[in-house]
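What the coordinates show
Spelled out, the chains give:
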Amino acid sequence: MRTDWIRRFARAVKIDPWAVTVIDAVRWSSEHTWASDTRKSALDSVANFYRWASTIYATMFDVDRLPRVKASPAAPRPADDLALERLKRSSDWRVSLAARLASEVGLRRAECVRIKPSTDIISDLLGLSLIVHGKGNKDRIVPLPSTLADELIERGPGYVFPGQIAGHLSPAQIGKIVNRELPPGVTMHALRHRFATRAYERTGDLVSVQKILGHSSPQTTLRYLAIADTTLRKVVESAA
């Protein structure tokens, strides 16, 4: 479950958690104009919480009566080479560095702004890695290309992207800074799709790509992959 959704639901409902019913969850959901994937994530998180809670407490929440929301069809839109090169040539170092973090190690906006090299870059037998502070307060360790590690270290010991939100830029702000230098219809998140697609095409290792992206399920990772026609053809020819 995603604890951030549980917190948002609790703040909105404002009644005893064990008195909450499915009707409360449906009403909360209906008050928002969410995309289907967002609505699914929210309601699934609430359902998972009460599925767990019912094994310990007596609750009024009948999980089986909660409407199921279908995920929208996958529509990966990886940024192309020209868009990425445009970002890397930016005169704003924040744009080029954020672009590298998203396209080379698959970081989310919120994960980029929370990097603090003095504590988050670690060394092992194979080189340098980054402790990524992901969704739901879940940390993961991601290997760093040496040139990217050097660039992060050069920014100093504090937050790489300093700002007014707990000392760093907000995820929304870094997104705006990057997006304004991208072509219309392309966002910073498309760089993460690019990483997922290229990493999977070159390795065929879905589990490792999933772990690097910080996804809890391989099904989520599959939604990021824009598999090229040439790759699909190779799969068919290999079985012929």
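An account of the accompanying structure is given in this report. Note that the structure is a prediction, hence the values are computed from the model and not measured.

The next subject is the layout of surface pockets. Quantified by volume, the second largest pocket comes out at close to 160 Å³. Residue lining of the second largest pocket: Ser103, Phe195, Arg198, Ala199, Arg202, Thr203, Ser208, Val209 and Ile212, and that is the complete set. Among the elements that make up the lining of the second largest pocket, the one with the highest residue count is helix α10 (residues 189-203) (five residues). Looking at the lining of the second largest pocket residue by residue, the class counts come to four nonpolar, three polar and two charged.

One can find Thr55 in the loop between α3 (36-53) and α4 (81-88). From its side chain, Thr55 meets the backbone oxygen of Trp52 in a polar contact 2.5 Å long.

What follows deals with the pairing of strand β3 (residues 139-143). Side chains Arg140 and Val142 of β3 all project onto a buried face; the interleaved residues Asp139, Ile141 and Pro143 project onto a face where none is buried. As paired strands, strand β2 (residues 127-133) and β3 are joined by five bridges and run antiparallel to one another. From the neighbouring strand, Val132 faces β3, where its bridge partner is Arg140. Counting the residues in the hairpin turn of β2 and β3 gives five residues, including Gly136, whose phi is positive at 65°.

A few words now on the nonpolar core. Leu101, Leu107, Leu144, Leu152, Phe161 and Leu191 are the most contacted members of the largest nonpolar core, which totals 33 residues. Among the elements of the structure, α4, α5 (93-104), α6 (109-113), β2, α8 (146-154), α9 (171-179) and α10 are those that each provide at least two residues to this core. Among the elements that line this core, the one with the most residues is α5, at six residues. Ignoring any residue separated from it by four or fewer positions in sequence, one finds Leu107 in contact with Leu101, Ala102, Cys112, Ile115, Leu130, Val132 and Arg192. With 19 residues, the next largest nonpolar core counts Ala25, Trp28, Ala42 and Phe49 among its residues.

With that settled, the discussion passes to the sheet that holds β3. An order of β1-β2-β3 is seen for the three strands of this open sheet, with the pairing classed as antiparallel. The open sheet is flanked by β1 (121-124) and β3, the only strands paired with a single partner. Taking the axes of each pair of neighbouring strands and ignoring which way they run, one obtains an average angle of 35° across the sheet.

Here Ser29 lies in helix α2 (residues 22-30). With residues up to four places along the chain from it excluded, the contact list for Ser29 reads Trp34, Arg39 and Leu43.

Conventions adopted
Residues numbered from 1 in each chain as written. Predicted model: local features only at pLDDT ≥ 70, side-chain atom pairs only at ≥ 80, totals over all residues. Heavy atoms only, no water. 1 Å grid on protein atoms, 1.4 Å probe; cavity = no way out; pocket = protein on both sides within 12 Å on 5 of 7 lines; lining within 4 Å. Points joined across faces, edges and corners; volume = space filled by probe spheres on them. Helix = DSSP H or I, 4+ residues; strand = E, 2+ residues; numbered from the N terminus. Nonpolar A, V, L, I, M, F, W, Y, C, P; charged D, E, K, R; others polar. Polar contact = N/O pair within 3.5 Å; in protein donor to acceptor, adjacent residues only side chain to side chain. Buried < 20%, exposed > 50% of the residue type's maximum accessible area, 1.4 Å probe, protein only. Pairing = 2+ DSSP bridges. Core = buried A, V, L, I, M, F, W, Y, C linked by side-chain atoms within 4.5 Å. Contact = heavy atoms within 4.5 Å. Axes fitted to C-alpha atoms, helices over the stretch in contact; angles between N-to-C directions.

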